[in-house]
Amino acid sequence: MIIAIVATFVISAAVCIPVGAQIRKKTAESKIKGAESEAKRILENAKFEAENAKKEEILKAKEETLRLRNELDAEIKERRGEIQLQEKRIFQKEENLERRSESFERKEKDLEKTIQETEKKKKSLDEAFNNQMAELQRISGLSREEAKKMLLDKLDRTLTDEKAVLIKEAEKQAKDTANKKAREILGYTIQKCAADHTSETTVSVVSLPNDDMKGRIIGREGRNIKTLETLTGIDLIIDDTPEAVILSGFDPLRREVARIALEKLIEDGRIHPTKIEELVEKAKEEVEEIIKEEGERAVLETGVHGLHPDVVKLLGKLKYRTSYGQNVLNHSIEVSNLARIMAEELGLDAKLARRAGLLHDIGKALDHDMEGTHVEIGVDVLKKYKENDLVINAVQAHHGDVEPKTIEAVLVQAADAISASRPGARRETLEAYIKRLEKLEEIADSFEGVDKSYAVQAGREIRLIVKPEKISDAEMVVMAREVAEKVESEMEYPGQIKVNVIRETRAIDYAK
């Protein structure tokens, strides 16, 4: 039974296996066919979609091409419009240029015609002018050159007169503003000369035995030098200058007191505040004594008597005053003696002349302490001490502030100028002095019409004597201005130089 079952199973399996294989084969074939058909479908879909995408891209490309073409057409149209506008403008410009060219041609023709007509008129006028000139020469009896020279001479005289008038007007205007201009000029001069003047008139030097003395003069914490400066009012400059101390101050009397006191301190060797006070007082007494002696010496040398003791002291103070490097006391003595000599020669009042000469610069003794010019201060001082009115007038007039009332006052002016201008009296070498005078005369002689020239008053004035037949009165004014301008441009000099042009007309005849 079992064998039968197994046999049946084996037979069934043998029969079923080929059948199953057939079934699977058919199934596979059907699947393959389905896959192939699906693939064909997908492929056809893909081709369809590709065709659609292609058509879309082509359509987009056409649209973009159309857009670009439209933009290009619009731009081309715009450019064409601009070009047409420029062509229109160029055409208009060409038309304008043609019209202007035609206008220029017409004007050129008109101008040529006008030139020809002008040439004809010019020839006609030249002929008429030559005929008139010939007729004028015949009537006047003068040649063309002679008439021209006559007219030029007349014009030159007219212009000279006008220049003289203008110069006089300018001088009048200058005089109206003289005080202001003078102050400005003096201010600039003081500014330029201040350094040199200060170094010469405000400094004294005291020699030391050795440099160790500088430390002793300064003292502990500077108490010695402070005491000396406080008592004298003078600055002590202690620097690297070997074996020397510099005293600096504007008041010459204070500076002299400080110098004497310092020299005594150095000689004594005991330098401390108490000793400084003692020796400064002694120095003041010594300076007062020197002032008194110098005033008495000046009075004795000049023979002036009856002066008030205070006035004598003021004269003594002038020993410590300088003007342009010249000692004022010695200058006053010189002026007194010169004025006396001239007064005696002229038969005038010699006593008045020497007294006024001695006192003419008395104000310089106080111009450090009082306001005003030395002339104003001197006049006030002399009035205070009841001095002679004629002496006061001479003092007041010696710089031309007022008119002199006496000949003696004029002599004081002359003596003052002589003493101040004496070569060597003031800060100027003899060689430079002579060169300045020669240069001044050389400038004056360079002008046509000058007969002689003289530098007088130590070069403060140049006098030109002109030939009257060549230089008129009006031309004198012009010459004075031109000489002054040339002197200003070519020379250097202190103060001012007066240009004095002199024209003299003489009529000479002989009785036979």
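Conventions adopted
- Residues numbered from 1 in each chain as written.
- Predicted model: local features only at pLDDT ≥ 70, side-chain atom pairs only at ≥ 80, totals over all residues.
- Heavy atoms only, no water.
- Pairing = 2+ DSSP bridges.
- Helix = DSSP H or I, 4+ residues; strand = E, 2+ residues; numbered from the N terminus.
- Axes fitted to C-alpha atoms, helices over the stretch in contact; angles between N-to-C directions.
- Contact = heavy atoms within 4.5 Å.
- Polar contact = N/O pair within 3.5 Å; in protein donor to acceptor, adjacent residues only side chain to side chain.
- Buried < 20%, exposed > 50% of the residue type's maximum accessible area, 1.4 Å probe, protein only.
- Core = buried A, V, L, I, M, F, W, Y, C linked by side-chain atoms within 4.5 Å.
- Expected span 1.5 Å × (residues − 1).
- Parallel < 35°, antiparallel > 145°, perpendicular 65-115°, else oblique.
- Left-handed = near helix turned anticlockwise from the far one by under 90°.
- Nonpolar A, V, L, I, M, F, W, Y, C, P; charged D, E, K, R; others polar.
- Patch = residues over 30% accessible without salt bridge, like charges linked within 9 Å, V, L, I, M, F, W, Y side chains within 5 Å.
- Areas by Shrake-Rupley, 256 points an atom, 1.4 Å probe, with all protein chains shown as cover.
- Salt bridge = Lys/Arg side-chain N within 4 Å of Asp/Glu carboxyl O.

A.B. asks: So what exactly am I meant to see when it comes to the sheet that holds strand β6 (residues 450–456) here?
C.D. replies: In sheet architecture, strand pairing relies on hydrogen bonds along the backbone and comes in two forms, parallel and antiparallel. Read across the sheet, three strands follow the order β6-β7-β8 without closing on themselves; strand pairing throughout is mixed. On the outer flanks of this sheet lie β6 and β8 (498–503), each paired with one strand and no other. Along the sheet, successive strands turn relative to each other by an average axial angle of 20°, direction set aside. With six bridges connecting them, β6 and strand β7 (residues 461–466) associate as antiparallel partners. Directly across from V450, in β7, lies its bridge partner V466. Against the sheet, helix α15 (residues 473–490) contacts β6, β7 and β8, and its axis sits at roughly 155° relative to β8.

A.B. asks: It is not clear to me how the side chain of T406 should be interpreted in this structure. Could you clarify?
C.D. replies: When you line up the elements, T406 lands in the loop between α12 (389–397) and α13 (407–421). Within polar-contact distance, the side chain of T406 engages the backbone nitrogen of A409 at 3.2 Å.

A.B. asks: So what exactly am I meant to see when it comes to the sheet that holds strand β2 (residues 235–237) here?
C.D. replies: Within the open sheet, the three strands sit side by side as β1-β3-β2. Their pairing is antiparallel. Either end of the sheet is taken by a strand with one partner, and the two such strands are β1 (203–207) and β2. Mean inter-strand twist for the sheet, computed between neighbouring axes without regard to direction, equals 25°. Note: β2 against strand β3 (residues 244–248), three bridges, orientation antiparallel. Residue pairing in the sheet places D235 in a bridge with S248 of β3. Here helix α6 (residues 252–268) sits on the sheet in contact with β1, β2 and β3, set at roughly 10° to β1.

A.B. asks: Teacher, can you tell me more about unusual backbone geometry here?
C.D. replies: Leave glycine aside and you will find that most residues have negative phi; peptide bonds, for their part, are mostly trans. Its identity is not glycine, yet E221 carries a phi of approximately 55°, on the positive side. Here E221 is to be found in the loop between α4 (212–218) and α5 (223–232). Assessed through its relative accessible area of 74%, E221 is described here as exposed. Located in the positive-phi region is K386, a residue other than glycine, with phi close to 60°. Locating K386 in the fold gives a position in the loop between α11 (374–384) and α12.

A.B. asks: How do you make sense of helix α10 (residues 350–359) when you look at a structure like this?
C.D. replies: In an α-helix, one turn spans 3.6 residues; hence positions three or four apart end up facing the same way. Burial analysis of α10 places nine of its ten residues in the buried class, the great majority of the element. Within the sequence span of α10, burial applies to A350, L352, A353, R354, R355, A356, G357, L358 and L359.

A.B. asks: Explanation requested: the nonpolar core in the structure shown.
C.D. replies: What tends to happen in soluble globular proteins is that the nonpolar side chains get buried as a cluster. Of all hydrophobic cores here, the largest spans 37 residues; its most connected members are L307, L315, L358 and L359. Counting residues per element, the ones that place at least two in this core are α7 (273–302), α8 (309–317), α9 (328–346), α10, α11, α12 and α13. In this structure L358 touches A298, T302, V304, L307, L315, S332, I333 and S336, once residues within four positions along its chain are discounted. L253, L265, I266 and V287 belong to the second-largest nonpolar core, a separate cluster that totals 26 residues.

A.B. asks: Got a minute to help me understand α15 in this structure?
C.D. replies: End to end, α15 covers 26 Å across 18 residues, agreeing with the expected 26 Å (1.5 Å per residue, within 8%). Looking at α15, one finds that the buried residues are A474, M476, V477, V478, M479, V483, A484 and V487.

A.B. asks: Quick question: what am I supposed to make of the pairing of β1 here?
C.D. replies: The side chains of a regular strand alternate between both faces of the sheet. Here β1 shows one buried face, formed by S204 and V206, and one open face, formed by V203, V205 and S207. As paired elements, β1 and β3 share five bridges and run antiparallel to each other. Bridge assignment links V206 to a residue of β3, and that residue is V245.

A.B. asks: Any chance you could explain the packing of α7 against α9 here in plain terms?
C.D. replies: Two measures define how a pair of helices packs: the angle their axes make with one another and the distance between the axes. Where α7 meets α9, the closest approach of the two axes is 10 Å, and the angle between their N-to-C directions is 15°. The angle between the axes of α7 and α9 places the two elements in the roughly parallel class. The two elements α7 and α9 cross, and the hand of that crossing is right-handed. Contact residues: α7 offers E294, R297, A298, E301 and T302, while α9 offers L329, N330, I333, S336 and N337. Here the residues of the contact of α7 with α9 sort into three nonpolar, four polar and three charged.

A.B. asks: Explain a nonpolar patch on the surface here, please?
C.D. replies: A cluster of nonpolar residues, L152, L155 and L159, forms a patch on the protein surface that exposes about 270 Å² of accessible area. With respect to the element layout, L152 can be found in helix α2 (residues 144–176). Exposure remark for L152: the relative accessible area of 47% places this residue in the partly exposed category.

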